[in-house]
Amino acid sequence: MLSPESRCFVRHEQGLFDPGVLAAVRACFVTEETRRQARVADATDARRVEIGAATVDFRMDARWYDPWRHATPERIARLWPFTWLLFPVQLRHITAVSHLVPWHQDAGYARLMPRRHARLITCFVPLEPSPGACASLEFAEGDHDEYPHQPDGLHGAALAAPGFDRLRRFTLAFGDALVFGDLTPHRTIAAPDGRIDRRSFEYRLVTPADALPDKDYFNLEDGWFVRTDGSRREFPL
Ligand SMILES: O=C(O)CCC(=O)C(=O)O
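The structure presented is a predicted model; accordingly, all values stated were derived computationally and were not measured. (Residues numbered from 1 in each chain as written. Predicted model: local features only at pLDDT ≥ 70, side-chain atom pairs only at ≥ 80, totals over all residues.)

In this model, helix 1 (residues 19-37) (19 residues) spans 25 Å end to end at C-alpha, consistent with the 27 Å of a helix rising 1.5 Å per residue. Residue T31 marks the point of greatest curvature in helix 1, where the axis turns by about 35°. Every buried residue belonging to helix 1 is among L22, V25 and F29, and all of these are buried. Contact partners of the buried residues in helix 1: helix 4 (66-69), strand 3 (90-94) and strand 11 (198-206). (Helix = DSSP H or I, 4+ residues; strand = E, 2+ residues; numbered from the N terminus. Expected span 1.5 Å × (residues − 1). Bend = angle between axes of the 7 residues up to and from the residue. Buried ≥ 20, exposed ≤ 12 C-beta atoms within 10 Å, placed from the backbone. Contact = placed C-beta atoms within 7 Å.)

Next comes the structure, spelled out in structure tokens:
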């Protein structure tokens, strides 16, 4: 269980996902990637591809929710009361220095959205078989207010002058995730040997009370795609 009040935390969730299910989902990612990353819908999609993020077409796939469908209630309860995933999930395959996301708080990105959730958390799921040997995330510890953000190259929101003194990194195994609040400063870091080649999912979650009307979510507790008006569908397309 998480405290809905705290927006500044990071937790290493060990064994959140079934490694077999995650491996099958990773295989789909690898198989589909080239074809669906070529389906660039517009200029925004083109910018996503330039920073290693997925096109809208690639993000629209029911299989990206399989890791949650197969997670046990006990594991899902670790994230409670954040039980609604924003649809669609973000996918990333970073392969270049320009793909490294600079220091930011997710609240800074949320401000760029036309409609903003009051608060959200992120569940970062690395998809390479040995995540500890791949590019990952670094976090700044402590309590932080929301800082001003500005664009940095192709990245929409970055902290202007990050000067954090207490930094934290984690060594993840396949099936682990990092769960963090939307005021937790973080950035992408290259692998310990300097390589940049990592696929991942970024699931963003809200409490049902913070969900926005006329928007789709995936309800972790029953496996349906839901809206605040009570409607539910198998997949929102
Ligand atoms: O995938 C990455 O390297 C960065 C992800 C990130 O910054 C985020 O999920 O907020």
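Next comes the rest of the description.
This next bit is on the site of the ligand. Every residue near the ligand is listed here: R92, I94, V101, D106, T122, F124, L137, H186, T188, S200 and E202. Going through the elements one at a time, strand 3, strand 4 (121-126), strand 10 (186-189) and strand 11 are the ones with two or more residues in the shell around the ligand. (Near = placed C-beta within 6 Å.)

Whether parallel or antiparallel, the strands of a sheet pair through hydrogen bonds between backbone atoms. If you trace the three strands from one edge of the open sheet to the other, you get 8-5-10, paired in antiparallel fashion. For this open sheet the edge positions go to strand 8 (167-168) and strand 10, each flanked by a neighbour on one side alone. Pairing analysis gives two bridges linking strand 5 (residues 136-140) to strand 8, with the strands arranged antiparallel. Bridging from a neighbouring strand, A140 pairs with L167 of strand 8. (Pairing = 2+ DSSP bridges.)

The next point concerns the nonpolar core. Within soluble globular proteins, side chains that are nonpolar generally end up buried alongside one another. Judged by nonpolar contacts, the single largest core of 41 residues is most densely connected at L85, C123, V125, A177, L205, Y217 and F218. Going through the elements one at a time, helix 1, strand 2 (84-86), strand 4, strand 5, strand 9 (177-181), strand 11, strand 12 (217-219) and strand 13 (225-226) are the ones with two or more residues in this core. (Core = buried A, V, L, I, M, F, W, Y, C linked by C-beta atoms within 7 Å.)

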